[in-house]
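Each chain is listed here by its residues.
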Amino acid sequence: MILFDRVSFRYKSNEETSFAIREVSFSCRQNLIHGFIGGNGSGKSTYARLIAGLLHPEAGKIEVCGLDTSAEDAQIHRKVGIIFQNPDNQIVGTTVEEDIAFGLENLAIPTNDMPEKIQQIAEEMGIENLLKKPVHHLSGGQKQLLCIASVLVMQPEWLIFDEPTSHLDPWSRRNFWKMLEILKQQRQVGIIVISQVSDDFENFDSIRLFADGDLVFTGSPEELKVANMADGLIHLPEKWQFEKLREAENA
Ligand SMILES: Nc1ncnc2c1ncn2[C@@H]1O[C@H](COP(=O)(O)OP(=O)(O)OP(=O)(O)O)[C@@H](O)[C@H]1O
Ligand SMILES: [Mg+2]
């Protein structure tokens, strides 16, 4: 469970600008795919960094799995894995194998146990044939799978993806969502996906829409579709817009 209790936040360097999170409260349950949506600068990545304990609230409290993110950084970093938008910033190994091993070293796993764990996670992500490859030979989609493997091998309880689909072609996007459904079913893990890609919205179990740092909508994709409140804040799926037009015509 993730709990935001009257959380306020401002970037220190940004005190004169308007971006701020003001007394925002919400909770996210595990075993669901939560969508965080909103326009550029609405605060989505900031929420991700707050949950992962990379930033701390100025006031209020954030709990992840019962731990206060301000008090227990080290534990929070183990519980929350983030996959950033640009995989190049996240990959630290020179080969696929080495990159996955790096996470295991962080967990102080004995060297003898590593090959088996690396093989397992690589098979789960379908990159076992790439283990010996230099990371700079990977495609964008393969790099993303490697980042997910390197985070998953640390067995986090929450996974946060920051705009994972924005660089993917429609085919890879479909594969990404299939992979996420499998992760949700096979691992006891909570998933947050930040996205501005409207075609992603129907894949979410629950959606939170942010605008200017504020949480302005919480509900299911179905509820967002009929809420009529996302206009100007986010682009809704074309399919929904057509459905609305058709309904209006038939009314
Ligand atoms: N390190 C920082 N220092 C100061 N201000 C920042 C910093 N990071 C983000 N901001 C500001 O905070 C606001 C929210 O940024 P954030 O990155 O959370 O938005 P976002 O919804 O993820 O946007 P995008 O869709 O462009 O990724 C923006 O106005 C941004 O300029
Ligand atoms: Mg962002």
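The coordinates are above.
Residues numbered from 1 in each chain as written. Chains lettered and ligands numbered in written order. Predicted model: local features only at pLDDT ≥ 70, side-chain atom pairs only at ≥ 80, totals over all residues. Heavy atoms only, no water.

**Student:** Help me out: how do you make sense of the side chain of Thr95 in this one?
**Tutor:** Here Thr95 is to be found in the loop between strand E6 (80-83) and helix H3 (96-106). Among the polar contacts made by the side chain of Thr95, one reaches the main-chain amide nitrogen of Glu98 at a distance of 3.1 Å. When neighbours within four sequence positions are excluded, Thr95 is seen to be in contact with Leu131, Lys132, Lys133, Pro134 and Val135. (Helix = DSSP H or I, 4+ residues; strand = E, 2+ residues; numbered from the N terminus. Polar contact = N/O pair within 3.5 Å; in protein donor to acceptor, adjacent residues only side chain to side chain. Contact = heavy atoms within 4.5 Å.)

**Student:** What am I meant to see in the site of ligand 1 here?
**Tutor:** Inspection of the region around ligand 1 gives 14 residues, with Gly41, Gly43, Lys44, Ser45 and Thr46 positioned closest. At a separation of 3.5 Å, a nitrogen atom of ligand 1 approaches a polar side-chain atom of Tyr11. For ligand 1, an oxygen atom lies 3.0 Å from a polar atom in the side chain of Gln196. Considered on its own, ligand 1 offers 630 Å² of accessible surface; in the complex 65% of this is hidden by protein. (Near = heavy atom within 4 Å. Areas by Shrake-Rupley, 256 points an atom, 1.4 Å probe, with all protein chains shown as cover.)

**Student:** Before we go on, may I ask you to explain the packing of helix H4 (residues 114-125) against helix H5 (residues 140-152) in this structure?
**Tutor:** Each packed pair of helices is defined by two parameters, the angle between the axes and the distance between the axes. At a minimum axis distance of 10 Å, the contact between H4 and H5 shows a crossing angle of 135°. Comparing their axes, H5 and H4 come out oblique. The crossing of H4 and H5 is right-handed. Listed contacts from H5 to Ile121, Glu124 and Met125 of H4 are Leu145, Ile148, Ala149 and Leu152. (Axes fitted to C-alpha atoms, helices over the stretch in contact; angles between N-to-C directions. Parallel < 35°, antiparallel > 145°, perpendicular 65-115°, else oblique. Left-handed = near helix turned anticlockwise from the far one by under 90°.)

**Student:** Please clarify how the sheet that holds strand E1 (residues 2-9) should be interpreted in this entry.
**Tutor:** Backbone hydrogen bonds are what pair the strands of a sheet, in a parallel or an antiparallel way. Taken together, four strands build an open sheet; the order of strands is E2-E1-E4-E5 and the sheet is antiparallel. The open sheet has two edge strands with one neighbour each: strand E2 (21-28) and strand E5 (67-68). Judged from the five bridges that link them, E1 and E2 form a sheet pairing that is antiparallel. Pairing of Val7 across the sheet is with Val24, part of E2. Sheet strands touched by helix H1 (residues 44-51): E1, E2 and strand E4 (59-64). Its angle to E1, the strand with the most contacts, is close to 115°. (Pairing = 2+ DSSP bridges.)

**Student:** Teacher, can you tell me more about the packing of aromatic side chains here?
**Tutor:** Centre-to-centre distance and the angle between the planes together describe a pair of aromatic rings. All told, the structure shown has 13 aromatic pairs when counted by the stated rule. Considering the side-chain rings of Phe4 and Tyr47, the 5.7 Å spacing of their centres and the 35° angle between planes classify their relative orientation as tilted. Placement of the pair is Phe4 in strand E1 and Tyr47 in helix H1, with a sequence separation of 43 residues. Each member of the pair, Phe4 as well as Tyr47, is classed as buried. Where Phe26 meets Phe210, the ring centres are 6.3 Å apart and the plane angle is 65°; that geometry is what we call edge-to-face. You can see Phe26 sitting in strand E2 and its partner Phe210 sitting in strand E9 (residues 206-211), a full 184 residues away along the chain. Across the pair, Phe210 and Phe26 agree in class, each one buried. One aromatic cluster is present, built from ring pairs that chain together Phe4, Phe26, Phe36, Tyr47 and Phe210. (Phe/Tyr/Trp six-rings, centres within 6.5 Å; stacked < 30°, edge-to-face > 60°. Buried < 20%, exposed > 50% of the residue type's maximum accessible area, 1.4 Å probe, protein only.)

**Student:** What am I meant to see in the pattern of salt bridges here?
**Tutor:** Side chains that differ in charge, positive against negative, can pair when their charged atoms come close. A full pass over the atoms with the stated rule returns 13 salt bridges. Among the salt bridges present, the one from Lys225 reaches Glu222, with a minimum N-O distance of 3.6 Å. Here the residue Lys225 and the residue Glu222 both occupy positions in helix H7 (residues 221-227), the gap between them amounting to three residues, near one helical turn. Overall, Lys225 belongs to the buried group, its relative accessible area being 12%. (Salt bridge = Lys/Arg side-chain N within 4 Å of Asp/Glu carboxyl O.)

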